[in-house]
Amino acid sequence: MIPMENVQAGLVKFIDREIAPSLSGWDRVLVAGAGGLLTSKIPNIIAQYADHPMVKALGVYDKETGMVDIDALYNAAKPYMGAEPMPIKIPVLKMTMKVGKKELDTLYAYIQEGVG
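What you see is a predicted model, and the numbers here were worked out from it, not measured in a lab.

Trainee: How should I be thinking about a nonpolar patch on the surface in this particular structure?
Mentor: Together, Trp26, Val29 and Leu30 make up a nonpolar patch on the protein surface, roughly 350 Å² of accessible area in all. Following the sequence through the fold, Leu30 ends up in helix 2 (residues 25-49). Given the relative accessible area of 39%, Leu30 is considered partly exposed.

Here is the structure:
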């Protein structure tokens, strides 16, 4: 289990270093800006679902301490990531990103690095 701040810092690094540089113009502004705003709101978003029976049953988030079991989430997702990156549509921006094992590993590493 790691602090929510590590998750947020890792997501910001991933957006800034892996996604934003491949974009230009307004796409870059919108993705980087919205990503930063969304990342800052993650604790509030997760808090809304923390008492849901499914979230409690999975045991990946401790509401009292704000800790996230990122290892469990990573280990659950990784076996299902194929060799080829999968498209993820972002309807609001009318964009499609491709995410595969490499991107998942990179995001996981950034989260593990923590704040700083």
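That covers the picture; the talk isn't over yet.
Trainee: What am I meant to see in the nonpolar core here?
Mentor: Buried together is how nonpolar side chains tend to be arranged in soluble globular proteins. Ranked by internal contacts, the top residues of the largest apolar core, which has 22 residues, are Met4, Val7, Ile19 and Ile111. The set of elements that each furnish at least two residues to this core consists of helix 1 (4-19), helix 2, helix 4 (70-77), strand 5 (95-99) and helix 5 (101-113). Looking at this core, the element that brings in the most residues is helix 1, giving five residues. Setting aside residues up to four positions removed in sequence, Ile19 forms contacts with Phe14, Val31 and Met97.

Trainee: Explain the sheet that holds strand 3 (residues 67-68) here, please?
Mentor: Strand pairing in a sheet relies on backbone hydrogen bonds, with the paired strands running either antiparallel or parallel. Spatially, three strands are ordered 1-3-2 in an open sheet, and the strand pairing comes out antiparallel. The open sheet has two edge strands, strand 1 (2-3) and strand 2 (61-62), and neither has a second partner.

Trainee: When you look at the pairing of strand 5 in this model, what are you seeing that I'm missing?
Mentor: Here strand 5 shows a clear split, with Met95, Met97 and Val99 buried on one side and none of Thr96 and Lys98 buried on the other. Taken together, the five bridges between strand 4 (residues 86-90) and strand 5 define a ladder with antiparallel strand orientation. The residue bridging Ile88 from the neighbouring strand is Met97, located in strand 5.

What counts as what
Residues numbered from 1 in each chain as written. Predicted model: local features only at pLDDT ≥ 70, side-chain atom pairs only at ≥ 80, totals over all residues. Heavy atoms only, no water. Patch = residues over 30% accessible without salt bridge, like charges linked within 9 Å, V, L, I, M, F, W, Y side chains within 5 Å. Areas by Shrake-Rupley, 256 points an atom, 1.4 Å probe, with all protein chains shown as cover. Salt bridge = Lys/Arg side-chain N within 4 Å of Asp/Glu carboxyl O. Helix = DSSP H or I, 4+ residues; strand = E, 2+ residues; numbered from the N terminus. Buried < 20%, exposed > 50% of the residue type's maximum accessible area, 1.4 Å probe, protein only. Core = buried A, V, L, I, M, F, W, Y, C linked by side-chain atoms within 4.5 Å. Contact = heavy atoms within 4.5 Å. Pairing = 2+ DSSP bridges.

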